[in-house]
Amino acid sequence: MKIETLAVHAASEPDAASGAVATPISLSTTFRHGPAGEREHGFEYIRGTGNPVEQRLESAIAALEQGEVAAMFASGMAAASALFMSLPRGAHALIPRDVYMGMRILGAEIMAPVGVTVSSVDTTSLDRVREALTPATKLVWVETPSNPKLEVSDIAAIAQLAHARGALVAVDNTFATPLLQQPLVLGADVVMHSATKYFGGHSDVMGGALAFARRDELAERVLHYRHVTGGVLAPFNAWLILRGLRSMPARLAWHCRNARAVAEFLASRPEVERVNWPGLPGHANHAVAKAQMRDFGGMLSVEMRGGREAALRLASRLKLFTNATSLGGVESLVEHRASVEGEHPHSPQSLLRFSVGLEHPDDLVEDLRQALDHESG
Ligand SMILES: *Cc1c(COP(=O)(O)O)cnc(C)c1O
């Protein structure tokens with residue numbers, strides 16, 4: 001079955017009790033069991049055994065990523081940290097130099113004190129990854145395309161390198177979604193999603209997911225960690241994310257089409273020094289992106305010739321792009337990353353990140369044109 005069909009049909013059986021076609025929401029935190037704890041339907045208490053909606057969502061995500069099992073969490077960071085917390089004490093993990101800001105903070109502030117060292121490396125370079133692997137390296141975390149510079153790393157090649165040295169590979173697949181890229185098929189061991197983004201798709205729900213190639217000891221450790229520490233997904237959020245997942249293929253196609261129009265327009269403008277979108281032939285990792293992705297996604301960033309001031313002026317003159325963080329919703333967003341990264345920003349001051357939404361591409365381009373014309377005029 002094609003992935004578009006899976007998105008609609010995975011775990012979508014009509015409700016056994018009522019025949020309801022739309023998945024019923026189940027808010028119960030506890031489920032009847034026999035006097036000696038015999039489970040009737042596999043459920044017991046929601047933190048440990050989940051609930052019917054979450055179970056459907058997990059099997060749908062496992063199907064889309066072609067994994068053996070998936071686990072939902074309260075947020076993308078709850079999912080990522082559950083994986084890192086399941087690494088043995090003394091382990092070393094690698095993260096990309098360009099990566100979601102929360103991962104850098106997780107490594108430095110949360111993992112170091114519990115005895116897991118996290119260092120960053122340019123994962124777009126196989127030589128750099130090879131040099132950075134140590135005998136203690138247990139995990140290589142890849143984020144591709146990366147936030148906010150849209151760097152693309154070669155998942156299959158990194159998996160080969162890491163596996164040869166005894167390390168696992170996990171991929172943050174938030175920007176691409178399984179529609180555009182399937183890391184487990186390319187050889188990765190774990191996939192992470194911030195379901196807050198394209199899965200939910202409407203900027204109104206937070207959740208996270210891990211999909212595992214195998215239901216092995218690591219997967220069991222992560223599930224146990226979730227059970228004990230409780231970073232579980234609320235049933236209503238599971239229901240919203242499952243609802244969003246059904247239409248994700250159709251939405252993604254439009255996000256990609258619109259991002260191409262926006263990227264090509266911005267690349268034609270003299271005020272813009274550089275457009276970071278892996279679909280442009282001039283992108284440093286375009287060849288790798290073309291080989292491992294079906295399309296290039298709805299996220300892009302630009303670096304403005306006029307630096308911070310030009311970036312802020314453009315952000316302030318846009319009318320259809322709302323100044324807000326996050327991504328993957330129907331509405332277009334723009335963000336000056338350095339401004340939200342605190343005292344020591346990692347992103348260049350000249351950089352603006354765009355989440356291209358589902359408006360008509362002509363209107364988006366027209367909005368950018370009026371804002372940039374203002375700049376030159
Ligand atoms: C948003 C995001 C996260 C964190 O997810 P939350 O759901 O906000 O916890 C991680 N990685 C990427 C690439 C993201 O965009």
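Below or above, wherever it landed, is the structure these notes cover.

Thresholds, definitions, all that
- Residues numbered from 1 in each chain as written.
- Predicted model: local features only at pLDDT ≥ 70, side-chain atom pairs only at ≥ 80, totals over all residues.
- Heavy atoms only, no water.
- Near = heavy atom within 4 Å.
- Polar contact = N/O pair within 3.5 Å; in protein donor to acceptor, adjacent residues only side chain to side chain.
- Helix = DSSP H or I, 4+ residues; strand = E, 2+ residues; numbered from the N terminus.
- Nonpolar A, V, L, I, M, F, W, Y, C, P; charged D, E, K, R; others polar.
- 1 Å grid on protein atoms, 1.4 Å probe; cavity = no way out; pocket = protein on both sides within 12 Å on 5 of 7 lines; lining within 4 Å.
- Points joined across faces, edges and corners; volume = space filled by probe spheres on them.
- Buried < 20%, exposed > 50% of the residue type's maximum accessible area, 1.4 Å probe, protein only.
- Contact = heavy atoms within 4.5 Å.
- Pairing = 2+ DSSP bridges.
- Axes fitted to C-alpha atoms, helices over the stretch in contact; angles between N-to-C directions.
- Phe/Tyr/Trp six-rings, centres within 6.5 Å; stacked < 30°, edge-to-face > 60°.

**Digging into the site of the ligand**
Next, step 1: Lining the immediate surroundings of the ligand are 15 residues, of which Met77, Asp172, Ser194, Thr196 and Lys197 lie closest.
Next, step 2: Note that an oxygen atom of the ligand is positioned 2.8 Å from one of the side-chain N or O atoms of Ser194.
Next, step 3: Every element with two or more residues in the shell around the ligand is listed here: helix H4 (76–85) and strand E6 (190–194).
Next, step 4: Looking at the shell around the ligand residue by residue, the class counts come to 6 nonpolar, 6 polar and 3 charged.

**With respect to empty space enclosed by the protein**
Next, step 1: Going through the model one piece at a time under the given rule, you end up with 1 cavity of 30 Å³ or more.
Next, step 2: Estimates place the volume of the largest cavity at around 30 Å³.
Next, step 3: Around the largest cavity, the lining residues are Asp189, Val190, Phe212, Ala213, Arg214, Asp216 and Leu218.
Next, step 4: In the lining of the largest cavity, the residues fall into 4 nonpolar, no polar and 3 charged.

**Topic: the environment of Gly90**
Next, step 1: Turning to its location among the elements, Gly90 is positioned in the loop between H4 and strand E2 (92–96).
Next, step 2: By relative accessible area, which is 51% here, Gly90 ends up exposed.
Next, step 3: In contact with Gly90, other than residues within four places in its own chain, are Gly115 and Ala136.

**Observations regarding the sheet that holds strand E12 (residues 351–355)**
Next, step 1: Strand order in the open sheet formed by 5 strands is E8-E9-E12-E11-E10, and the pairing between neighbours is mixed. What marks the edges here is a single partner per strand, and that holds for strand E8 (272–276) and strand E10 (322–323).
Next, step 2: Bridge count between strand E11 (residues 333–335) and E12: 3 bridges; the pairing is antiparallel. Residue pairing across strands places Val334 opposite Phe354, the latter belonging to E12.
Next, step 3: Across the face of the sheet, helix H11 (residues 248–267) comes into contact with E8, strand E9 (299–304) and E12 while running at roughly 10° to E9.

**Thoughts on the pairing of strand E7 (residues 208–212)**
Next, step 1: With 5 of 5 residues buried, E7 is to be regarded as a mostly interior element.
Next, step 2: Side chains Gly208, Leu210 and Phe212 project from E7 onto one buried face, and the interleaved Ala209 and Ala211 project onto a second face that is buried too.
Next, step 3: With 5 bridges connecting them, strand E1 (residues 69–73) and E7 associate as antiparallel partners. Within E7, the position partnered with Ala71 by the bridge is Leu210.
Next, step 4: Relative to E7, E6 is paired through 5 bridges, and the arrangement is antiparallel. Residue pairing across strands places Val190 opposite Phe212, the latter belonging to E7.

**Some words on H4**
Next, step 1: In terms of burial, H4 is a largely internal element, 8 of the 10 residues being buried.
Next, step 2: Buried within H4 are the following residues: Gly76, Ala78, Ala79, Ala80, Ser81, Ala82, Leu83 and Phe84.

**Remarks on the side chain of Glu271**
Next, step 1: Looking at where Glu271 falls in the secondary structure, it is placed in the loop between H11 and E8.
Next, step 2: A residue is classified by how much of its surface remains accessible, and Glu271, at 11% relative accessible area, is buried.
Next, step 3: Engagement of the side chain of Glu271 in a polar contact is seen with the side chain of Arg269, the distance being 2.9 Å.

**Re the environment of Leu186**
Next, step 1: With respect to the helices and strands, Leu186 occurs in the loop between helix H8 (177–180) and E6.
Next, step 2: Spatially, the C-alpha atom of Leu186 lies 19 Å from that of Leu94, the residues being 92 residues apart in sequence.
Next, step 3: Discounting chain neighbours no more than four positions away, the residues touching Leu186 are Ile155, Ala156, Ala159 and Gln292.

**Here's the deal with the pairing of E12**
Next, step 1: Within E12, 5 of the 5 residues are buried, which leaves the element mostly enclosed by the surrounding structure.
Next, step 2: Neither face of E12 is open: one carries Leu351, Arg353 and Ser355, the other Leu352 and Phe354, and all of them are buried.

**Some words on the packing of aromatic side chains**
Next, step 1: This model, assessed by the stated rule, comprises 5 aromatic pairs.
Next, step 2: When the ring of Phe31 is compared with that of Phe43, the centres are 5.1 Å apart and the planes differ by 35°; the resulting orientation is tilted. Taken together, the residues Phe31 in the loop between helix H1 (3–9) and helix H2 (46–49) and Phe43 in the loop between H1 and H2 connect sequence positions 12 residues apart.
Next, step 3: Since its relative accessible area comes to 7%, Phe43 is described here as buried.
Next, step 4: When the centroid spacing of 5.3 Å and the interplanar angle of 80° are considered together, the rings of Phe321 and Phe354 count as edge-to-face. With Phe321 in the loop between helix H13 (307–317) and E10 and Phe354 in strand E12, the pair connects residues that are 33 residues apart, well separated along the chain. Accessibility assignment for this pair places Phe321 and Phe354 in one class, buried.

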